Amino acid sequence: GAGVSQSPSNKVTEKGKDVELRCDPISGHTALYWYRQSLGQGLEFLIYFQGNSAPDKSGLPSDRFSAERTGGSVSTLTIQRTQQEDSAVYLCASSLGGVGDTQYFGPGTRLTVL
Amino acid sequence: QKEVEQDPGPLSVPEGAIVSLNCTYSNSAFQYFMWYRQYSRKGPELLMYTYSSGNKEDGRFTAQVDKSSKYISLFIRDSQPSDSATYLCAGGGGTSYGKLTFGQGTILTVHP
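Note that this is a predicted model, so its numbers are computed, not measured.

Novice: Is there a simple way to think about the interface of chain B and chain A in this case?
Specialist: Often, the extent of an interface is quoted as the loss of accessible area on bringing the components together. Listed per partner, the contact involves 20 residues of chain B and 23 residues of chain A. Joining chain B to chain A, the criterion identifies 0 salt bridges. Summed over the shared surface of chain B and chain A, the result is 6 residue pairs in polar contact (both at pLDDT 80 or more). Mapped onto the side of chain B that touches chain A, the elements with two or more residues apiece are strand S4 (32–38) and strand S5 (45–50) of chain B.

Right, here's the structure in full:
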């Protein structure tokens, strides 16, 4: 079946602009995670959704970052007033929903802030 | 100090070599551990999943967890050029809602 998809695959924006990144999880997966991968860094957790709720937002680096999930499916990560340090690959993963269930990753969105 | 420490390498080995990749972690709450493989410009894919101390083998890959020393390893036997990728270790569990904490990743190149 279809895996996790993300769009766009690449995004180049100017400093100060807002961007929206989209994630389509595997059908039936109730858990959805956003991670960020910066050059020389491992994956850093950003936010976790169970259904449409986000019980763990502890990884969001600032109030410029927000995310939502609708219909228990698609999720959007929004970064307002982008800064150069926001440049990274943003990865989305989904799982069946139990703690410890395998997380399946999408290909990521490569964000470059000029 | 990061919760999961991993030597970023890079590591370069000849085809057929045995590769050893290692991570240490500091969070005693971790209950399960994963190794992901990530090819260039792709998302990570799960390679091995272990829930307790001990060894788990899958083909050419063996994952080892030692919770007493907070040490996890991945061994690759008869390495192939197609194994060239970044290998990420991760821990999860406790009250983490299932989120994973990753190491920095080790870049591996297997040359023919």
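Having put the structure on the table, let's press on.
Novice: Honestly, the layout of surface pockets in this entry has me stumped. Any pointers?
Specialist: Any empty space left between the atoms is revealed when a probe the size of a water molecule rolls over them. Each pocket or cavity is described by its volume, and for the largest pocket that value is around 690 Å³. Every element with two or more residues in the lining of the largest pocket is listed here: strand S9 (88–95) and strand S11 (109–113) of chain A together with strand S9 (85–92) and strand S11 (106–111) of chain B. Space inside the second largest pocket adds up to approximately 410 Å³. As for the second largest pocket, its lining consists of 24 residues, and the residues nearest its centre are Glu 44 and Phe 45 of chain A together with Glu 3, Leu 100 and Thr 101 of chain B. Of all elements in the fold, only strand S5 (43–50) of chain A together with strand S10 (101–102) of chain B reach the threshold of two or more residues within the lining of the second largest pocket. If one sorts the elements of the lining of the second largest pocket by residue count, S5 of chain A sits on top with 4 residues.

Novice: How should I be thinking about the pattern of salt bridges in this particular structure?
Specialist: For the coordinates displayed, the defined rule picks out 6 salt bridges over all chains. A salt bridge links Arg 64 of chain A to Asp 86 of chain A, with the shortest nitrogen-to-oxygen separation between them at 2.8 Å. With a gap of 22 residues between them, Arg 64 of chain A in the loop between strand S6 (53–56) and strand S7 (65–69) and Asp 86 of chain A in the loop between strand S8 (75–79) and S9 connect regions that are remote in the sequence. Across the pair, Asp 86 of chain A and Arg 64 of chain A agree in class, each one buried. Close ionic contact of Arg 37 of chain B with Glu 45 of chain B constitutes a salt bridge, the shortest N to O distance being 3.2 Å. The class for Arg 37 of chain B is buried, based on a relative accessible area of 15%.

Novice: What is the right way to read the sheet that holds strand S8 (residues 71–76) of chain B from this model?
Specialist: Neighbouring strands of a sheet are bound in pairs by backbone hydrogen bonds; such pairs are parallel or else antiparallel. Residues and elements named next belong to chain B. The antiparallel open sheet is built from 5 strands, whose spatial order is S1-S3-S8-S7-S6. The open sheet has two edge strands with one neighbour each: strand S1 (4–6) and strand S6 (54–58). The average angle at which neighbouring strand axes cross in this sheet is 20 degrees, direction not considered. Inspection of the sheet shows S1 paired to strand S3 (residues 19–25) by 3 bridges, in the antiparallel sense.

Novice: What is the right way to look at the sheet that holds S8 of chain A in this model?
Specialist: Residues and elements named next belong to chain A. Spatial strand order, S1-S3-S8-S7: 4 strands in an open sheet with antiparallel pairing. Bordering the open sheet on either side are strand S1 (5–7) and S7, each of which pairs with just one other strand. Taken pair by pair, the neighbouring strands of this sheet meet at an average axis angle of 15 degrees, ignoring direction. Note that S7 and S8 share 5 bridges and pair antiparallel. Within S8, the position partnered with Phe 65 by the bridge is Ile 79.

Novice: For this particular structure, what's the right way to read the state of the cysteines?
Specialist: Note: disulfide means a covalent bond formed between the sulfur atoms of two cysteine side chains. Following the criterion strictly, the structure yields 2 disulfides over all chains and no others. One disulfide bridge connects Cys 23 of chain A with Cys 92 of chain A, the sulfur atoms lying 1.8 Å from each other. Handedness of the Cys 23 of chain A-Cys 92 of chain A disulfide follows from its S-S torsion of about -65 degrees: it is left-handed. With Cys 23 of chain A in strand S3 (residues 19–24) and Cys 92 of chain A in strand S9, this residue pair connects regions lying 69 residues apart in the sequence. Residue Cys 92 of chain A is classed as buried on the basis of its relative accessible area of 0%. One disulfide in the model links Cys 23 of chain B with Cys 89 of chain B; its S-S distance is 1.9 Å. Between Cys 23 of chain B and Cys 89 of chain B the sulfur-sulfur dihedral comes to about -105 degrees; the bridge is accordingly left-handed. One end of the pair, Cys 23 of chain B, is in strand S3; the other, Cys 89 of chain B, is in strand S9, and 66 residues separate them in sequence. With respect to class, Cys 23 of chain B is no different from Cys 89 of chain B; both count as buried.

Cut-off values and rules
Residues numbered from 1 in each chain as written. Chains lettered and ligands numbered in written order. Predicted model: local features only at pLDDT ≥ 70, side-chain atom pairs only at ≥ 80, totals over all residues. Heavy atoms only, no water. Contact = heavy atoms within 4.5 Å. Salt bridge = Lys/Arg side-chain N within 4 Å of Asp/Glu carboxyl O. Polar contact = N/O pair within 3.5 Å; in protein donor to acceptor, adjacent residues only side chain to side chain. Helix = DSSP H or I, 4+ residues; strand = E, 2+ residues; numbered from the N terminus. 1 Å grid on protein atoms, 1.4 Å probe; cavity = no way out; pocket = protein on both sides within 12 Å on 5 of 7 lines; lining within 4 Å. Points joined across faces, edges and corners; volume = space filled by probe spheres on them. Buried < 20%, exposed > 50% of the residue type's maximum accessible area, 1.4 Å probe, protein only. Pairing = 2+ DSSP bridges. Axes fitted to C-alpha atoms, helices over the stretch in contact; angles between N-to-C directions. Disulfide = S-S within 2.5 Å.

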